[in-house]
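Given next are the chains, with one letter for each unit.
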There are 2 protein chains.
Amino acid sequence: MGAGGNATSSESLRGRVKASPYERLRDAILSGEFEPGAPLVETALADILQVSRTPVREALSKLEYDGLVSRERRGLVVRQRTADEILDIYQTRIVLESAVVRHAAERRTANDLLLLRGLLARWDSVDLSDRSAMREANQAFHEALWRAGHNVCLSDLLSRLALQVHRFPPTTLGEPGRWAEAGAEHAQIVDAVERRDGDEAARITSQHFEESMAIRLRLMATP
Amino acid sequence: MGAGGNATSSESLRGRVKASPYERLRDAILSGEFEPGAPLVETALADILQVSRTPVREALSKLEYDGLVSRERRGLVVRQRTADEILDIYQTRIVLESAVVRHAAERRTANDLLLLRGLLARWDSVDLSDRSAMREANQAFHEALWRAGHNVCLSDLLSRLALQVHRFPPTTLGEPGRWAEAGAEHAQIVDAVERRDGDEAARITSQHFEESMAIRLRLMATP
DNA sequence: TCGTGTTCTCTTGTATACAACGCAAGGAGG
DNA sequence: CCTCCTTGCGTTGTATACAAGAGAACACGA
């Protein structure tokens with residue numbers, strides 16, 4: 001189809017040039033360009049991405065491992081998470097995030113702390129009308145925390161888990177007042193990590209994500 | 001099997017018929033048929049497995065995600081874990097296993113308990129000279145524990161993590177006296193789960209895996 | 001003898017062709 | 001009118017052909 005009139009999703013998918021099929025498809029799913037439950041036909045995606053089926057298959061296979069697409073009786077579809085699964089994912093994430101800050105409190109270097117303080121300082125200057133900037137700032141902070149834990153296995157697991165709750169709504173930080181509250185909690189976590197107080201850091205982290213989970217559940221209940 | 005004379009690894013790889021390339025390669029790596037660091041050339045594996053490169057590539061891609069193979073500058077090799085990485089994996093596993101039994105204590109059904117008791121009862125009748133039977137019994141018990149936690153996300157993560165420490169030695173349960181000790185700890189865990197005492201179950205589980213980690217580190221230090 | 005440039009081979013990445021399978025629609029028989 | 005079978009199409013799974021890149025070996029010159 002020359003002019004490419006109808007396909008709503010082809011626009012931004014065509015746009016990104018240097019990214020791999022995996023990254024492009026992943027971003028398309030995470031951004032909601034593909035609705036949950038939408039069928040993913042290899043030949044169609046190959047057409048849109050302007051590559052052959054082979055790299056598309058590879059990308060889909062990775063996305064299946066990421067838990068972003070699932071295999072139906074026939075073909076793959078964008079994975080639809082149930083409320084129960086979201087709950088499971090959050091509970092798992094709470095466990096892992098708490099563990100990682102406990103490690104961070106024990107193992108953090110001066111550099112880790114510097115980086116965390118830097119990200120914390122930028123928190124209040126983020127434009128609250130720009131959701132993607134908010135998401136990015138939050139992501140950067142938590143990634144810095146993961147790195148400060150100095151456990152590659154833990155941070156790998158967390159980066160994969162984090163993918164699965166980036167789906168709609170992309171963040172729970174849009175709730176009124178939540179941004180500032182989250183910033184305060186982050187500061188408390190960094191303080192505890194600086195004091196090498198693992199228990200306290202883990203406690204606050206738990207609370208922080210419990211709150212986030214509660215907001216998401218509320219959002220899911222009232223769409 | 002006709003000509004396949006030299007290849008030491010082709011024997012059991014050719015043997016299994018119905019298994020997918022992924023399963024066959026995974027088992028070959030886990031069983032140590034492929035040495036850590038050994039190069040995995042697609043065409044060679046395709047030859048051995050009697051399939052084309054396409055399914056082999058797919059299998060290797062999954063194995064890379066499992067962390068069992070890693071990508072060098074040129075091609076893939078069986079992943080060699082450093083002592084630090086093993087430590088990271090164990091620490092992560094301790095966190096997750098503790099969390100799962102805490103959940104199990106809260107959510108276990110009567111059926112879960114029945115299954116666990118059944119596996120526990122079989123523990124002492126396992127042939128201690130049969131390493132693979134030991135590994136299987138242990139695996140079955142822990143999988144039952146994962147299921148009793150009723151958190152799909154947690155059990156998925158754990159089943160993948162468990163893959164990564166199945167490498168040599170396949171189990172730490174071969175140490176003198178460790179089998180009985182582990183059985184006793186398992187029984188304590190199940191008791192705590194039955195009493196719905198999550199804290200105690202988590203505590204014992206932590207200890208259990210700390211011990212396992214200590215044995216493995218000792219084994220790694222003196223090969 | 002050592003360093004460097006070039007070629008050559010081996011391996012991966014990509015595209016395409018073919019086979020097998022499942023699903024759906026349509027027709028025939030009860 | 002309903003049910004069951006058959007046929008056709010769409011999609012995935014597999015094989016193979018081709019292109020591009022990285023290393024190694026070799027030859028040539030200093």
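Note that the structure is a prediction, hence the values are computed from the model and not measured.

Moving on, we get to helix α10 (residues 198-221) of chain A. Each α-helix winds once per 3.6 residues, and so residues spaced three or four apart point in a common direction. All names here are of chain A. Taking 1.5 Å as the rise per residue, α10 with 24 residues should run 34 Å; its terminal C-alpha atoms sit 34 Å apart, in good agreement. Residues Gly198, Ala201, Ala202, Ile204, Thr205, His208, Phe209, Ser212, Met213, Ile215 and Arg216 constitute the buried set of α10. In the core, the buried residues of α10 are packed alongside α5 (83-107), α7 (131-148) and α9 (178-194).

Residue and element names in this part refer to chain A. Examined at the domain level, chain A breaks down into domain 1 (10-78) and domain 2 (83-221). Just the C-alpha atoms count here: the centres of domain 1 and domain 2 sit 28 Å apart. Each partner contributes residues to the interface: domain 1 has 9 residues there, and domain 2 has 6 residues. Carbon and sulfur atoms supply 59% of the area buried between domain 1 and domain 2, which totals about 660 Å² over both sides. Take the side of domain 1 that touches domain 2: its biggest share by element is 3 residues, from helix α2 (residues 21-30).

Let us now look at the interface of chain B and chain A. In this assembly, 24 residues from chain B lie in contact with 24 residues from chain A. Between chain B and chain A, roughly 2,100 Å² of surface is buried when both sides are summed, and carbon and sulfur atoms account for 55% of that area. Counting across the interface, chain B meets chain A through 4 salt bridges. Where Asp88 of chain B meets Arg107 of chain A, a salt bridge forms, and the shortest distance between an N and an O atom there is 3.9 Å. At the junction of chain B with chain A, the criterion picks out 9 residue pairs in polar contact (both at pLDDT 80 or more).

Criteria and cut-off values
- Throughout, a residue's number is its position along its own chain's written sequence, starting from 1.
- Chains carry letters and ligands carry numbers; both start at the beginning, A for chains and 1 for ligands, and go up in the order they are written.
- Only residues with pLDDT of 70 or above have their local features reported here, since the model is predicted, and side-chain atom pairs are shown and tallied only from 80 upward, although totals for entire chains, interfaces and linings are computed over all residues.
- The side-chain numbers reported here are obtained from all heavy atoms of the structure, hydrogens and water having been left aside.
- Secondary structure elements are defined from DSSP: runs of H or I of at least 4 residues count as helices, runs of E of at least 2 residues count as strands, and each element is numbered from the N terminus.
- To estimate how far a helix should extend, the number of its residues minus one is multiplied by 1.5 Å.
- Exposure classes here rest on a 1.4 Å probe applied to the protein chains alone. A residue is buried below 20% of its type maximum, exposed above 50%, and partly exposed in between.
- Any two residues whose heavy atoms approach within 4.5 Å at even a single point are treated as in contact.
- For each domain, the first and last residues come from an automatic or database assignment.
- Note on terms: buried area is the combined drop in 1.4 Å-probe accessible area of two parts once they are placed together, counting the loss on both.
- Each salt bridge in this description consists of a side-chain nitrogen of Lys or Arg and a carboxyl oxygen of Asp or Glu lying within 4 Å of one another.
- Any pair of nitrogen or oxygen atoms within 3.5 Å is treated as a polar contact; in protein, a donor-acceptor pairing is required on top of that, and neighbouring residues in sequence qualify only through side-chain atoms on both sides.

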